[in-house]
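# Working through the structure, step by step
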Amino acid sequence: MDAGCPRLPDTVLFEIFLYLDHADVLSVGLVCQQWRAVARDEFLWKELFYRYYRVSRDVPRHPGAVSWYDEFQRLYDTIPCVEVQALKEHNDQVLHLSFSHSGCLFASCSKDCTVKIWSNELDISLQHSSNMRPYNWSYTQFSQFNSDDSLLLVSGVFVGPHNSSSGEIAVISMENFTLLSRVRNKPYDVFGCWLNETNLISGNLHRIGRITSCSVLWLNNAFQGIESENVNVVKRLFKIQNLNASTIRTVMVADCSRYDSPDLLLDYEEQLAASSTCPVFDLGSDSEEEEAKPKLPPEPAVQELPDAGGVPAEQGLQQLFDDIMEGRVRPAMTETELETKVAELFVRNRTKPPEPNLLPTDSNSKTKYLIFTTGCLTYSPHQIGIKRILPHQMTTAGPVLGEERRSDEFFDSLDHVIDIHGHIIGMGLSPDHRYLYVNSRAWPRDCVISDPMQPPPIAEEIDLHVFDLKTMKEVKRALRAHRAYTPNEECFFIFLDVSRDFVASGAEDRHGYIWDRHYNICLAKLQHDNVVNSVAFSPVEQELLLTASDDTTIKVWRSPRAVRIRQARRPRPRKLLFSWLMNQKS
């Protein structure tokens, strides 16, 4: 028995541990001989885990875990919650962060109208800064590296004639930081994204009426300024009608090729079914089987075209006009309601039907999904639209306006729509692109929207939803802890990020948050002095996290384990002094 460690019944020690700090639990367990023996008791550590973290007992152990003791230690020792560096080179609000796929570089965007490139070494350092004000930009807001990290897409707000604001996308070479091309992007919160190594997606908006518009999504070649005049550098992808002042925003692309071999399955029954065939990352081998059946929410609604009892659109439109002229419409329609009704009838017979069989059946499928926020009731984004991109659409070759269309295919329909019933303020994909995480602020239950220009009030509490893109269903319960306070008309995007094991998000309550993806529990709060706008995990080292804030700083967070390892690697002052003295003697 270790000195100072009295012999107590294991059950008594277990109850004491429940009141200790997490670090104390592990340190006592490591130094106390009695608890080194208890650590072999899986039952006691399982009880401690469920009670300490307040996890439902329906939740099985992580599929990659060796033991409950190791899980307890993992959730303490590998969370990036230790601040190791604060970067203060920006002089205004920092809005977005993005890592290169190699993890060697990351980019930051700011209200100071610069995009900065940082080198991720032992100590992070600034490598390059590009000022976008000479191009009439107001600020930079988003960036993304292409798949081979040779190009950087930067999205910003462009100030046009008479101080009108729109969006613009710039492509910067990572070889010499030169500006290769610029693409107009409207509205600016489409942001833009890469489809493949050399082609990116932008948006444009055409007004049809006061609250009706058409969003056009374009495929653009990154090398527009140096390509031959005989080669297309742009091609229209999709043309989608917007009702009730809604628009398409926040585009991203999901690759379907890894849906059958994800890093982490979130459905517990699917975990058990795949445990013998699905490879897991190296945390150890699963030593026990547990059954759990989570309650899944109803399947998200799929978009359907307006139904008019089988009446053709032309007849329905003519009937509506006749009823208005003869006073048969009761109660009388407002101008907004009339515009929406006419637009719905018009689009019903002018829209290309959705692609059949949206869900991928081939694990080697080259299909990709275009994912974006949209709506149908009001201007605030409250739906997620999904449109399949087929292989032949992934190049700018062919007609600029895309495939030839019949008169009844003027618009493209969405292949799937997920209704969030709230204001969407953030989206992010898991590294394997299997799961979509969505930040939203909920509307009141059973609210009715009578005016699209007056959306319902939104909750201060942010809900973090999780959707399985293979089944198009919501999985898990919504994650909660973070908050936002701005009203609808001032609401802004809060970027989140997902690693293999964790999901992180900013918030308006001056904190960043980290949750465990498997257990659905909040693990850490990361302090800032103002709103946290963006977070980013290193794609090769999930124990490294960056947070960006309105306080103009970027904070670097590492796990306790990573901090110990890095401190051990640093040269000690005595050794340096000894080497200097030896050099002086020689």
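Residues numbered from 1 in each chain as written. Predicted model: local features only at pLDDT ≥ 70, side-chain atom pairs only at ≥ 80, totals over all residues. Heavy atoms only, no water.

In terms of regular secondary structure, the protein is built from ten helices and 30 strands. Split into buried and exposed, the 586 residues of the protein put 53% on the buried side. Counting contacts in the protein only where the partners sit at least 6 residues apart, residues at least 24 apart contribute 61% of the total. When the accessible surface of the protein is summed, it comes to about 27,500 Å², and 51% of that surface belongs to carbon and sulfur atoms. (Helix = DSSP H or I, 4+ residues; strand = E, 2+ residues; numbered from the N terminus. Buried < 20%, exposed > 50% of the residue type's maximum accessible area, 1.4 Å probe, protein only. Contact = heavy atoms within 4.5 Å. Areas by Shrake-Rupley, 256 points an atom, 1.4 Å probe, with all protein chains shown as cover.)

With that settled, consider the nonpolar core. In this structure, Phe49, Tyr53, Val55, Ile514, Tyr519 and Leu545 are the most contacted members of the largest nonpolar core, which totals 26 residues. Mapped onto this core, the elements with two or more residues apiece are α4 (42-53), α5 (68-77), β25 (502-505), β27 (521-527) and β28 (532-538). No other element matches the five residues that α4 contributes to this core. Apart from residues no more than four positions distant in its own chain, Ile514 is found in contact with Ile79, Pro80, Phe502, Val503, Ala504, Ile521, Cys522, Leu523, Ala524, Leu526 and Leu545. (Core = buried A, V, L, I, M, F, W, Y, C linked by side-chain atoms within 4.5 Å.)

A word on the packing of aromatic side chains. Applying the stated criterion to the full structure yields 20 aromatic pairs. Seen from their ring centres, Tyr52 and Tyr53 are 5.2 Å apart, and the 80° between their planes marks the pair as edge-to-face. Residue classification places Tyr52 among the partly exposed residues on the basis of a relative accessible area of 24%. Classification of Tyr53 by relative accessible area gives buried; the value is 13%. (Phe/Tyr/Trp six-rings, centres within 6.5 Å; stacked < 30°, edge-to-face > 60°.)

Another aspect to go through is helix α9 (residues 560-569). Here α9 has its buried residues at Pro560, Ala562, Val563 and Arg566. Taken down its axis, α9 places every buried residue within 160° of arc, on the same side. In α9, the exposed positions angled more than 90 degrees off the buried face are occupied by Ala568 and Arg569. If you follow the buried residues of α9, they end up packed against α5, β1 (82-87), β29 (541-549) and β30 (554-558). (Arc of directions from axis to C-beta.)

For the rest of this paragraph, the subject is the side chain of Ser67. Structurally, Ser67 is set in the loop between α4 and α5. Judged by relative accessible area, Ser67 falls into the buried class, the value being 13%. If near-sequence neighbours (up to four positions away) are discounted, Ser67 is found in contact with Glu42 and Arg61.

The feature "repeat: WD" (unreviewed entry), as given by UniProt, occupies residues 87-119 and 525-557 in the numbering adopted here. End C-alpha to end C-alpha, residues 87-119 measures 12 Å, and it is 0% helix and 58% strand. (UniProt positions renumbered as here; feature names shortened; annotations may be inferred.)

A sheet is described by the order of its strands in space; here four strands give the open sequence β6-β7-β8-β9, paired in antiparallel fashion. Each having just a single partner strand, β6 (137-145) and β9 (179-185) make up the two edges of the open sheet. Each neighbouring strand pair of the sheet contributes to a mean axis angle of 25°, computed without reference to strand direction. Relative to strand β7 (residues 151-159), β6 is paired through seven bridges, and the arrangement is antiparallel. Considered in β7, the bridge of Ser143 is made with Val154. (Pairing = 2+ DSSP bridges. Axes fitted to C-alpha atoms, helices over the stretch in contact; angles between N-to-C directions.)

Okay, the packing of α4 against α5 next. The geometry of α4 relative to α5 is characterised by a closest axis approach of 8 Å and an angle of 35° between their N-to-C directions. In this structure, α4 uses Glu42, Trp45, Lys46, Leu48, Phe49, Tyr50, Tyr52 and Tyr53 to contact α5, whose residues at the interface are Trp68, Tyr69, Glu71, Phe72, Leu75 and Tyr76. When its residues are assigned to classes, the contact of α4 with α5 shows eleven nonpolar, no polar and three charged. (Nonpolar A, V, L, I, M, F, W, Y, C, P; charged D, E, K, R; others polar.)

To continue, consider the pairing of β25. Moving residue by residue along a regular strand, the side chains alternate between the two faces of the sheet. Of the two faces of β25, the one lined by Phe502 and Ala504 and the one lined by Val503 and Ser505 are each fully buried. Following strand β24 (residues 496-498), the chain reverses through three residues before pairing antiparallel with β25. Strand direction decides the pairing type here: β25 and strand β26 (residues 511-516), joined by four bridges, are antiparallel. Looking at the pairing, Phe502 lines up with Asp516 of β26. In textbook terms, the turn of a hairpin is the stretch between consecutive antiparallel strands, and for β25 and β26 this stretch comprises five residues, one of which, Arg510, has a positive phi near 70°.

Another point: unusual backbone geometry. Of the consecutive residues Lys186 and Pro187, the connecting peptide bond is found in the cis state with omega at -5°. Following the sequence through the fold, Pro187 ends up in the loop between β9 and β10 (193-194). One non-glycine residue, His421, lies in positive phi territory at about 55°. As for its placement among the helices and strands, His421 is situated in the loop between β19 (416-419) and β20 (422-429). With relative accessibility at 33%, the residue His421 sits in the partly exposed group.

With that settled, consider the sheet that holds β24. Strand order in the open sheet formed by four strands is β24-β25-β26-β27, and the pairing between neighbours is antiparallel. Strands with a single pairing partner mark the edges of an open sheet, and in this sheet they are β24 and β27. Averaged over all adjacent pairs, the angle separating strand axes in this sheet is 15°, with direction ignored. Sheet topology note: the β24/β25 ladder contains three bridges and is antiparallel. Bridging across to β25, Leu496 finds its partner in Ser505.

The computed volume of the second largest pocket comes to approximately 840 Å³. In this structure, the second largest pocket is lined by 36 residues; those nearest its centre are Tyr188, Asp189, Arg249, Cys491 and Phe492. Among the secondary structure elements, those contributing two or more residues to the lining of the second largest pocket are β6, β8 (165-173), β11 (199-207), β14 (249-255) and β20. Partitioned by chemical class, the residues of the lining of the second largest pocket number 17 nonpolar, ten polar and nine charged. (1 Å grid on protein atoms, 1.4 Å probe; cavity = no way out; pocket = protein on both sides within 12 Å on 5 of 7 lines; lining within 4 Å. Points joined across faces, edges and corners; volume = space filled by probe spheres on them.)

Before going further, it helps to spend a moment on the pattern of salt bridges. Counted according to the given criterion, the structure contains 19 salt bridges. Residue Glu460 is joined to Arg483 by a salt bridge in which the shortest nitrogen-to-oxygen separation is 3.6 Å. Taken together, the positions of Glu460 in the loop between β21 (435-442) and β22 (462-468) and Arg483 in the loop between β23 (473-474) and β24 put the pair 23 residues apart, joining distant regions of the chain. The partner of Asp501 in a salt bridge is Arg500, with the nearest N and O atoms 3.2 Å apart. Here the salt bridges do not stand alone but share partners, grouping Glu71, Arg74, Arg500, Asp501 and Asp516 into one network. (Salt bridge = Lys/Arg side-chain N within 4 Å of Asp/Glu carboxyl O.)

Another point: the environment of His465. Mapping His465 onto the fold places it in strand β22. Sequence separation between His465 and Arg477 is twelve residues; the distance between their C-alpha atoms is 7.1 Å. Ignoring anything within four residues of it in the chain, the contact list for His465 reads Ile420, Leu436, Tyr437, Val438, Ser440, Glu474 and Ala478. Within the local environment of His465, its side chain forms a polar contact with the side chain of Glu474, the two groups lying 2.9 Å apart. (Polar contact = N/O pair within 3.5 Å; in protein donor to acceptor, adjacent residues only side chain to side chain.)

Right, let's get into α5. Within α5, seven of the ten residues are buried, which leaves the element mostly enclosed by the surrounding structure. Buried residues of α5: Trp68, Tyr69, Glu71, Phe72, Arg74, Leu75 and Asp77, and no others.

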